[in-house]
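Analysis of the macromolecular model
These are the residues of each chain, in order.
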Amino acid sequence: MSQLVKKNSVVLLIASVGFVGLLGWSTITVGDIGAPAPEITGQVWMNSEPLRLADLKGKVVLVEFWTFGCFNCRNVEPYVKAWHQKYADKGLVVIGVHTPESDFERYVKNVQHYVREEHIPYPVVTDNDFTTWTRYGNRAWPS
């Protein structure tokens, strides 16, 4: 993987999975290919201090939009965990952007409980106001 990453760049890996991905619908509507990725912001970071893309130069970054109440998100979760475990030491950074679908999912304590109970090891940020979701032009969970 490190051979594919330029020294002073961030490679943003965006994977659309689940029903939306199977239909081939594009969830990426931001800028042109090669344009800088939008910043990832949120209310509360778990498993990490807040990350800035500028600090991740030379890494491959997987941004996963999910919510703990989403059945398809739960189906994808083991794969994202496995990628993190297999490739984190080779430069992959997974950032889970938890954007709630229901009111119950907006409570930070509920997200923290889920992250802890499901042993999610990578950084997770809450996006209750959909700021990062909107910046990335996202339209569905999971992506």
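In what follows, the accompanying structure is described.

Rules used throughout
- Residues numbered from 1 in each chain as written.
- Predicted model: local features only at pLDDT ≥ 70, side-chain atom pairs only at ≥ 80, totals over all residues.
- Heavy atoms only, no water.
- Helix = DSSP H or I, 4+ residues; strand = E, 2+ residues; numbered from the N terminus.
- Buried < 20%, exposed > 50% of the residue type's maximum accessible area, 1.4 Å probe, protein only.
- Contact = heavy atoms within 4.5 Å.
- Phe/Tyr/Trp six-rings, centres within 6.5 Å; stacked < 30°, edge-to-face > 60°.
- Core = buried A, V, L, I, M, F, W, Y, C linked by side-chain atoms within 4.5 Å.

Before going further, it helps to spend a moment on the overall build of the protein. Along the protein, the regular secondary structure elements total 4 helices and 5 strands. In the protein, the order of α-helices and β-strands from amino to carboxyl end is β-α-β-β-α-β-α-β-α. Out of the 143 residues belonging to the protein, those deemed buried represent 38%. Put simply, 82% of the contacts in the protein that link residues at least 6 apart link residues at least 24 apart.

It is worth spelling out unusual backbone geometry at this point. Of the consecutive residues Trp141 and Pro142, the connecting peptide bond is found in the cis state with omega at -20 degrees. Checked against the element boundaries, Pro142 lands in the segment after α4 (131-135). In this model, Phe130 sits at a positive phi of 65 degrees, which is unusual for a non-glycine residue. Summarising the element assignment, Phe130 is placed in the loop between β5 (124-126) and α4.

To describe a pair of aromatic rings, you give the distance between the ring centres and the angle between the ring planes. A full pass over the atoms with the stated rule returns 7 aromatic pairs. With a centroid separation of 5.7 Å and an interplanar angle of 20 degrees, the aromatic rings of Phe68 and Tyr114 are classed as stacked. Of this pair, Phe68 sits in the loop between β3 (60-66) and α2 (71-87) while Tyr114 sits in helix α3 (residues 108-117), placing them 46 residues apart in sequence. Take Phe68: its relative accessible area is 6%, and that puts it in the buried class. Through a chain of ring-to-ring contacts, the aromatic side chains of Phe65, Phe130, Trp133, Tyr136 and Trp141 assemble into a single cluster.

So, on to the nonpolar core. Ranked by internal contacts, the top residues of the largest apolar core, which has 17 residues, are Trp66, Val80, Val94, Val115, Ile120, Tyr122 and Val124. Counting residues per element, the ones that place at least two in this core are β3, α2, β4 (92-98) and α3. For Ile120, the residues in contact, after removing those within four places along its chain, are Asn47, Trp66, Glu77, Lys81, Tyr114 and Val115. With 13 residues, the next largest nonpolar core counts Ile40, Trp45, Val61 and Val125 among its residues.

Here we come to the environment of Thr131. Its place among the elements puts Thr131 in helix α4. The class for Thr131 is partly exposed, based on a relative accessible area of 26%.

It is worth spelling out the side chain of Thr126 at this point. Along the chain, the position of Thr126 falls in strand β5. With residues up to four places along the chain from it excluded, the contact list for Thr126 reads Thr41, Gly42, Gln43, Val44, Met46, His98, Val108 and Val111.

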